Amino acid sequence: MSGLVRNASRVTAIARTTAKAAVRALLVAALAFLFFVGIGPHVFGYRVVTVLTGSMTGTANPGDLVVDFPVALSRVHVGDIITYETPTPDHHVVTHRIVEVVTAGANPTVRTQGDANNAADPWTATLGGTTAWKVRAVVPKAGTLIRFMRGGRVQVATTRFVPLLLALFWLSMIWSGNSEPPYKPKHLLSTT
């Protein structure tokens, strides 16, 4: 019978170790994603954009994340994929390939087209400012996670449910009489 107990203890220890490793891996992945999406753009000057439509299917599918880096307007060429505001009343943002540079110079005018579209966009866009946002990388499905995190249910959970859980945790510590921290720093321990 003691052999069964030892085996059960061993299995329990392995399960705990595996669970701890999985939680650590998940935490590292979450922190890396947070850095990539939230901090990286401020430090390294790129920006990330979630692909919402299928106009670039094959290159960037709906739910993918495109990583844009700034390039000088004089360096945009036919074949480049750029993210820009359309010259339409709603000024929505699209990521399309340049199929024609109509006029070059300080503020080039370009015609674009989605890779999955049969025809060029029905407008020409004059790029303003000093830089264009050129796609340098596509991260498959990462935009789906961002859209999920921005969704209504997740926002309700993070703004209402998580604070409620924290409040209940603190109240349970107070009511149980266990208001001491789970550890005491060495400099606070008595040496007498």
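Now for a look at the structure at hand. Position labels on residues start from 1 in each chain and follow its written sequence. In view of the model being predicted, local features appear only for residues whose pLDDT reaches at least 70, and side-chain atom pairs are presented and counted only at 80 or more, with totals across whole chains, interfaces and linings using the full set of residues. In computing side-chain properties, one takes all heavy atoms of the structure into account and sets aside hydrogens as well as water.

With respect to the side chain of Asp64
As for its placement among the helices and strands, Asp64 is situated in the loop between β1 (47–50) and β2 (65–72). Each residue's exposure class comes from its accessible area (1.4 Å probe, protein chains only) as a fraction of the maximum for that residue type: buried when under 20%, exposed when over 50%, partly exposed otherwise. Within this scheme the basic residues Lys and Arg register as positive and the acidic residues Asp and Glu register as negative, but His and the chain ends are omitted. Think of a salt bridge as a Lys or Arg side-chain nitrogen and an Asp or Glu carboxyl oxygen that are within 4 Å of each other. In this structure Asp64 is buried but unpaired, with Lys141 as the nearest side chain of opposite charge at 4.8 Å. Separated by 2.8 Å, the side chain of Asp64 and the backbone nitrogen of Asn61 make a polar contact. Polar side-chain contacts of Asp64 include one of 2.9 Å to the backbone nitrogen of Lys141. By the criteria applied, helices consist of DSSP H or I runs no shorter than four residues and strands consist of E runs no shorter than two, each listed in order from the N terminus. Whenever two N or O atoms come within 3.5 Å, that pair is a polar contact, provided that in protein one can donate a hydrogen and the other can accept it, and provided that, for residues adjacent in sequence, both atoms are side-chain atoms.

Quick look at a nonpolar patch on the surface
Taken together, the side chains of Phe161, Leu164, Leu165, Leu168, Leu171, Ile174 and Trp175 make up a nonpolar region of the molecular surface, amounting to roughly 760 Å² of accessible area. Tracing the backbone shows Leu168 in helix α3 (residues 152–176). Taking the relative accessible area as the measure of exposure, Leu168 reaches 46% and is therefore partly exposed. Any residue with relative accessible area above 30% and no salt bridge may belong to a patch, with like charges joined within 9 Å and the nonpolar Val, Leu, Ile, Met, Phe, Trp and Tyr side chains within 5 Å. Accessible areas in this description were obtained via Shrake-Rupley with a 1.4 Å probe; residue shielding takes into account the shown protein chains only.

Focus on the nonpolar core
A general feature of soluble globular proteins is that nonpolar side chains tend to end up buried together. We define a nonpolar core as any set of buried Ala, Val, Leu, Ile, Met, Phe, Trp, Tyr and Cys residues linked to one another through side-chain atoms lying within 4.5 Å. Core analysis: the biggest nonpolar cluster contains 12 residues, these being Val71, Leu73, Val76, Ile82, Tyr84, Val94, Ile98, Val110, Trp123, Ala125, Leu127 and Ala132. Residue contacts for Val94: discarding those within four places in its chain leaves Ile82, Thr83, Tyr84 and Thr86. Grouped together as the second largest cluster of nonpolar side chains are 7 residues, Met56, Ala60, Val66 and Val135 included. Here, residues are in contact when the closest pair of their heavy atoms is within 4.5 Å.

Describing the pattern of salt bridges
This structure, assessed with the given rule, holds 4 salt bridges. A salt bridge links Arg111 to Glu100; the nearest nitrogen and oxygen atoms lie 3.6 Å apart. A residue pair is termed long-range when its members are at least 10 positions apart, and Arg111 in strand β5 (residues 109–113) and Glu100 in strand β4 (residues 93–103) qualify at 11 residues. By relative accessible area, Glu100 is classed as partly exposed at 36%.

Quick notes on unusual backbone geometry
Within the chain, His91 stands out as a residue other than glycine whose phi angle is a positive 50 degrees. Its identity is not glycine, yet Lys141 carries a phi of approximately 65 degrees, on the positive side. Summarising the element assignment, Lys141 is placed in the loop between β7 (131–139) and α2 (142–150).

Overview of the sheet that holds β1
When DSSP finds two or more bridges between two strands, those strands count as paired. The 7 strands lie next to each other as β1-β2-β7-β3-β4-β5-β6, forming an open sheet whose pairing is antiparallel. A strand with exactly one partner marks an edge of an open sheet, and here the two such strands are β1 and β6 (125–126). Here 5 bridges tie strand β3 (residues 81–85) to β4, and the two strands are oriented antiparallel to one another. Note that in β4 the partner of Ile82 across the bridge is His96.

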